[in-house]
Amino acid sequence: MDGAGRQQVHALLPVCLALAFSLAALGSSHWCEGTRRVAKPLCQDHPGGLGCIHLNRGHGGGRRDDESQAVQYIWETGDDRFIQSRFHVGLWQSCEENLGSAGEKCRSFQSIIPAEEHGLLWLSIGAEILNILLVLTSAVLLGSGVSSQSAGFRWLKVDASVAILTVLAGLLGMVAHMMYTTIFQIAVNLGPEDWKPQTWDYGWSYCLAWGSFALCMAVSVMAVNRYTAARLEFTEKQRVRKGSKHSQHKFPEPKASESVREMEAPSPAGHALVSASEHLPPNAPGKVSMC
């Protein structure tokens, strides 16, 4: 494997990692996590449950006495009647602890946000999916380049395509993450009362989504650098090749041939002697015969 092939293999690894991050973030429900205040249930409704309200029944008490005791307990304890319930939210659903039993209860995130924000939510999901498709296309291009390197695959076109696709994927992902953040903040302020969180923060899915964005930007920068270096090298090779061809068509004549031509060429004194002998009579003693 040559140097270009090794560079393509090294570039394929972060692209695959960015694709895995995006897929994990899209399918998970831990974009935001937090707690919300939930009223403690009565222990008679949840026997054996933790964090419930215990009521002491009198000997002749009935259901009405239990209700009056519950009201008196809530009035006296104030905030102690609440318990902190953890929740986590994603693009598709919101889940929280089920105080009555083990496990979680989930509902659609679309049912939590206001109706006028449904279009923005679907736009964010569409941008996330398009981001994944662009990253997947980049991975396929790099993989094809690595597998067909022996057949003279053109690295310049691969690097140019990967640079464009990854930067578009990164920008789409950034816009999608920002739209989701806006939607969640609107849900916190205008959502239903039985869902509004008391405290919240971003979860690991949100960190994976931004990690995919950072990897896309890094791959794009590396692809541009490889393309620029390869382009300069290719231009330099073409210039050297043209210069060698141009020098082959213009050979300098050797000095030996010039001396031979000087010896073959008649001197000016010889020309004068020949012209003088032509003007003499045929039998003149000074007549120079030219053979």
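Up top you'll find the structure we're talking about.
Calculation rules
Residues numbered from 1 in each chain as written. Predicted model: local features only at pLDDT ≥ 70, side-chain atom pairs only at ≥ 80, totals over all residues. Heavy atoms only, no water. Core = buried A, V, L, I, M, F, W, Y, C linked by side-chain atoms within 4.5 Å. Buried < 20%, exposed > 50% of the residue type's maximum accessible area, 1.4 Å probe, protein only. Helix = DSSP H or I, 4+ residues; strand = E, 2+ residues; numbered from the N terminus. Contact = heavy atoms within 4.5 Å. Phe/Tyr/Trp six-rings, centres within 6.5 Å; stacked < 30°, edge-to-face > 60°. Disulfide = S-S within 2.5 Å. Polar contact = N/O pair within 3.5 Å; in protein donor to acceptor, adjacent residues only side chain to side chain. Pairing = 2+ DSSP bridges.

Caption draft 1: Representation of the nonpolar core. The biggest cluster of nonpolar side chains holds 38 residues, and the ones touching the most others in it are Trp31, Val89, Phe109, Val135, Tyr180, Phe184 and Trp195. Element by element, the count of residues in this core is highest for helix α4 (residues 155-190), at 10 residues. If we skip the residues at most four places from it in the chain, Tyr180 touches Trp31, Cys32, Val89, Gly90, Leu91, Phe109 and Ser124.

Caption draft 2: Fine view of the packing of aromatic side chains. This model, assessed by the stated rule, comprises 11 aromatic pairs. Measuring from ring centre to ring centre gives 5.9 Å for Trp31 and Tyr206, while their planes differ by 70°; the resulting arrangement is edge-to-face. Of this pair, Trp31 sits in the loop between α1 (3-27) and β1 (32-39) while Tyr206 sits in helix α5 (residues 204-248), and the two are 175 residues apart along the sequence. Given a relative accessible area of 11%, Tyr206 falls into the buried group.

Caption draft 3: Focus on the state of the cysteines. In this structure the tally under the stated criterion is 1 disulfide. The disulfide partner of Cys95 is Cys106, and the S-S distance across this bridge is 1.9 Å. The sign of the 110° torsion about the S-S bond sets the Cys95-Cys106 disulfide as right-handed. With Cys95 in strand β3 (residues 93-97) and Cys106 in strand β4 (residues 104-108), the pair connects residues that are 11 residues apart, well separated along the chain.

Caption draft 4: Fine view of the side chain of Glu96. Residue position: Glu96 is located in strand β3. One polar contact links Glu96 to Arg36, side chain to side chain, over a distance of 2.8 Å.

Caption draft 5: Summary view of the pairing of β3. Bridging between strand β2 (residues 82-89) and β3 involves 3 bridges; their strand directions are antiparallel. Residue pairing across strands places Val89 opposite Ser94, the latter belonging to β3. Hairpin connection between β2 and β3: a loop of 3 residues separates the two successive antiparallel strands. In this sheet, β4 lies alongside β3 in antiparallel orientation, the contact comprising 5 bridges. Residue pairing across strands places Cys95 opposite Cys106, the latter belonging to β4.

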